[in-house]
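Residue-level structural notes
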Amino acid sequence: MSNGHLMRLEGISKSFGGVKALQDVDLEVAHNEVLALVGDNGAGKSTLVKVISGAILPDKGRIFIEDKEVSVRNPRDAALLGIQMCYQDLALIDCLDVTTNIFLGREICKRVLGAIDFLSFKKMRMESIRHLKDLGIELQNVREKVKNLSGGQRQVIAVSRAAYWGMRLVILDEPTAALGVREASRVNDLIKSLKQKNISVIVISHNLQHVFYVADRVVVLRHGKKVGEKIIKETDGDEVVKLITGAEFSGQGIA
Amino acid sequence: MKDVLLKLKDSRVFLAVIGLLLLSSLLSVLSPHFLTVSNILNVLRQISMIAVVAIGMTYVIITGGIDLSVGSVLALSAVCGAFLMNHGVSMYLAVLAGIMIGGVCGFLNAMLVVTRINMPPFVATLAMMSVGRGLSMVITEGRPIYGLPAQFGFIAGGYFSGIPVPVLIMILLYLIGHIHLSYVKTGMYFYATGGNEEAARVAGVDAKRVKLSAYVISGFTAALAGMILASRLVSIEPLAGLGYELDAIAAAVIGGANLYGGEGSLLGTLIGAIITGVLRNGLNLLDVSPYWQQVVVGLVIASVVSINALRKKS
């Protein structure tokens with residue numbers, strides 16, 4: 001990791017009542033890296049990414065972006081720091097078309113009479129076609145309403161929206177879970193192509209085949225603790241499965 | 001052009017347009033009086049008040065809300081305006097004050113809905129419906145206000161190049177609203193808020209402000225309709241606008257608005273209002289009793305919305 005860290009978490013802990021969801025977790029994300037977060041159900045993956053994206057405040061711990069400590073109190077804070085969580089259903093507005101969704105909040109407008117912002121539909125359409133093509137996405141019609149798209153297409157639009165907004169870190173929670181084989185591989189290819197756009201990705205997945213395809217590094221959580229961290233090229237499925245289930249290093253894993 | 005046609009066919013307005021055309025051709029065959037300029041202008045003038053109320057209603061429905069208070073707000077604004085006029089306040093000032101009162105009612109509705117009270121729009125506007133009607137009764141002591149200045153009556157009674165002024169006001173307001181909702185950034189934000197409030201918020205849309213403006217717009221359009229009504233009758237009664245909320249909702253829904261938010265258009269609402277107006281007018285011309293007319297209007301609402309729902313599934 002010669003290019004330094006984009007983000008570093010230090011000693012993140014979070015309890016819900018008596019349940020210790022996260023215990024003293026350290027995590028680093030490098031520039032232009034795809035980091036996979038794996039672990040069994042209830043291992044703390046979702047809680048961890050919610051802390052990063054500002055949806056949950058940790059009880060303890062510090063977050064650094066490029067070695068500067070930052071406070072992430074809500075999703076807006078995270079967005080301003082260039083961090084965006086991509087929820088498949090939460091991020092898009094069904095009744096609006098693809099272009100409007102990509103540009104929502106940052107529309108291209110023409111100001112009339114000094115006060116009224118008329119939407120420049122044509123410009124935004126051209127720009128979104130160009131941007132999607134850039135990411136290798138062919139969409140027949142950017143004027144299609146998002147609700148008419150398939151799950152995979154929606155996921156792709158949500159991710160490309162984050163990319164277009166100049167996000168530096170995109171977080172995906174099981175992006176391929178509900179998708180067919182072809183759609184899943186499209187999403188996976190998109191994740192890989194984000195690296196060329198100078199965007200790092202944290203991806204939560206249960207599908208180790210997908211993890212080995214898209215990720216550079218994998219971090220394993222178990223019972224709220226980080227129990228393993230491997231470079232993808234230096235590990236294999238068996239080792240990762242053992243880390244997830246705790247078959248090896250069991251003395252270290254469960255407190 | 002082909003593009004526009006395709007877009008039209010895709011939209012929920014399409015069905016309303018077809019319905020209106022079918023209805024009109026049927027009525028023009030059945031009654032020789034239907035397709036005359038004077039009858040058409042008459043229908044448009046009759047619907048103008050409901051149609052103006054339905055503008056604000058459409059805004060509110062697009063954000064996923066509902067405004068049951070429009071009929072009462074209409075009465076309260078008109079009653080206040082009329083009261084001031086009859087107590088020596090100049091006509092323009094009184095009209096302005098009445099319209100402002102509508103805006104204030106809308107603002108209060110919004111406060112209950114968007115602040116931490118987080119009241120469901122149905123309940124908040126139901127409360128305002130009762131308060132508005134009650135205040136109208138208090139101010140008038142339950143009696144109509146007669147004898148408004150003749151000058152005031154000219155507004156809604158007048159014509160401009162042969163077209164009744166209320167119809168012109170209606171068309172002008174629809175034009176402004178349509179341009180706003182379809183082509184302006186802040187207009188699009190109403191759809192974004194109604195479609196997925198959380199996502200809109202995360203994207204930087206001030207959803208609370210959007211919802212607030214929807215209720216304020218609704219208050220203003222209700223008050224404007226109240227002024228038109230008072231001007232047409234040169235008097236106002238505290239029970240004016242009773243049931244307008246339902247007619248306005250019906251117009252919006254026939255025009256393709258979705259009560260779950262995110263969908264609807266003013267073009268559709270206008271056509272919806274015209275359909276109910278034409279239907280009533282046609283049934284009148286055919287000597288159908290007003291009791292049956294209500295039944296027919298209800299059946300039309302049910303069938304239009306069912307066909308829309310089925311079309312969406314296919």
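A few points on the structure. (Residues numbered from 1 in each chain as written. Chains lettered and ligands numbered in written order. Predicted model: local features only at pLDDT ≥ 70, side-chain atom pairs only at ≥ 80, totals over all residues. Heavy atoms only, no water.)

With that out of the way, let us pick up the pattern of salt bridges. Residues and elements named next belong to chain A. Scanning the entire structure with this criterion turns up 22 salt bridges over all chains. Here D134 makes a salt bridge to R130, at a shortest N to O gap of 4.0 Å. With D134 and R130 both in helix α4 (residues 121-134), this residue pair falls 4 residues apart, about one helical turn. Given the relative accessible area of 42%, R130 is considered partly exposed. Residues D216 and K195 are paired through a salt bridge, measuring 2.9 Å at the closest nitrogen-oxygen approach. In this pair, D216 sits in the loop between α7 (208-214) and β11 (217-222) while K195 sits in the loop between α6 (181-194) and β10 (200-204), placing the two residues 21 residues apart along the sequence. Owing to a relative accessible area of 26%, D216 belongs among the partly exposed residues under this scheme. Taking relative accessible area as the criterion, K195 reaches 25% and is therefore assigned partly exposed. (Salt bridge = Lys/Arg side-chain N within 4 Å of Asp/Glu carboxyl O. Helix = DSSP H or I, 4+ residues; strand = E, 2+ residues; numbered from the N terminus. Buried < 20%, exposed > 50% of the residue type's maximum accessible area, 1.4 Å probe, protein only.)

Moving on to the packing of helix α3 (residues 37-62) of chain B against helix α13 (residues 266-285) of chain B. Residue and element names in this part refer to chain B. Packing of α3 against α13 leaves a shortest axis separation of 8 Å and a crossing angle of 140 degrees. Taken together, the axis directions place α3 and α13 in an arrangement best described as oblique. Read as a crossing pair, α3 and α13 show a hand that is right-handed. Within the contact between the two elements, α3 uses N39, V43, L44, I47, A51, A54, I55, T58 and Y59 and α13 uses L266, T269, A273, I274, G277, V278, N281 and L285. Classifying every residue of the contact of α3 with α13 gives 12 nonpolar, 5 polar and no charged. (Axes fitted to C-alpha atoms, helices over the stretch in contact; angles between N-to-C directions. Parallel < 35°, antiparallel > 145°, perpendicular 65-115°, else oblique. Left-handed = near helix turned anticlockwise from the far one by under 90°. Contact = heavy atoms within 4.5 Å. Nonpolar A, V, L, I, M, F, W, Y, C, P; charged D, E, K, R; others polar.)

Further remarks concern the nonpolar core. By size, the foremost hydrophobic cluster in this structure holds 144 residues, and its most contacted members are M170 and I236 of chain B. Top contributing element to this core by residue count: α3 of chain B, with 15 residues. Once residues within four sequence positions are removed from consideration, I236 of chain B is found in contact with A78, V79, A82, P144, I145, L229 and A230 of chain B. Counting residues in hydrophobic clusters, the runner-up holds 29 residues, among them L35, I52, I83 and I204 of chain A. (Core = buried A, V, L, I, M, F, W, Y, C linked by side-chain atoms within 4.5 Å.)

Taken together, the contacts link 23 residues of chain B with 23 residues of chain A. Together chain B and chain A conceal approximately 1700 Å² of surface at their shared face, both sides included; 65% is due to carbon and sulfur atoms. Linking D117 of chain A and K185 of chain B is a salt bridge whose minimum nitrogen-to-oxygen distance equals 3.8 Å. At the surface where chain B touches chain A, the tally comes to 5 residue pairs in polar contact (both at pLDDT 80 or more). Looking at the side of chain B that touches chain A, the elements that each hand over two or more residues are α1 (2-10), α8 (165-183), α9 (185-195) and α10 (197-202) of chain B. It is α9 of chain B that provides the largest number of residues to the side of chain B that touches chain A, a total of 6 residues. Residues of the side of chain B that touches chain A, tallied by class, amount to 12 nonpolar, 5 polar and 6 charged. (Buried area = accessible area lost by both parts, 1.4 Å probe. Polar contact = N/O pair within 3.5 Å; in protein donor to acceptor, adjacent residues only side chain to side chain.)

On to α4 of chain A. Residue and element names in this part refer to chain A. For α4, with 14 residues, the first-to-last C-alpha span of 20 Å sits near the 20 Å given by 1.5 Å per residue. Among the residues of α4, M124, S128, H131 and L132 are the ones counted as buried. Projection of α4 onto a plane perpendicular to its axis shows the buried side chains occupying an angular sector of 95 degrees, all on one side. Exposed residues lying more than 90 degrees from the buried face of α4 are K122, K123, M126 and K133. Where α4 is buried, its residues contact α3 (98-103), β8 (116-119) and α5 (151-164). Positive phi shows up at G136, right after α4, with a value of about 75 degrees. (Expected span 1.5 Å × (residues − 1). Arc of directions from axis to C-beta.)

Distances and angles like these do not, on their own, reveal function.
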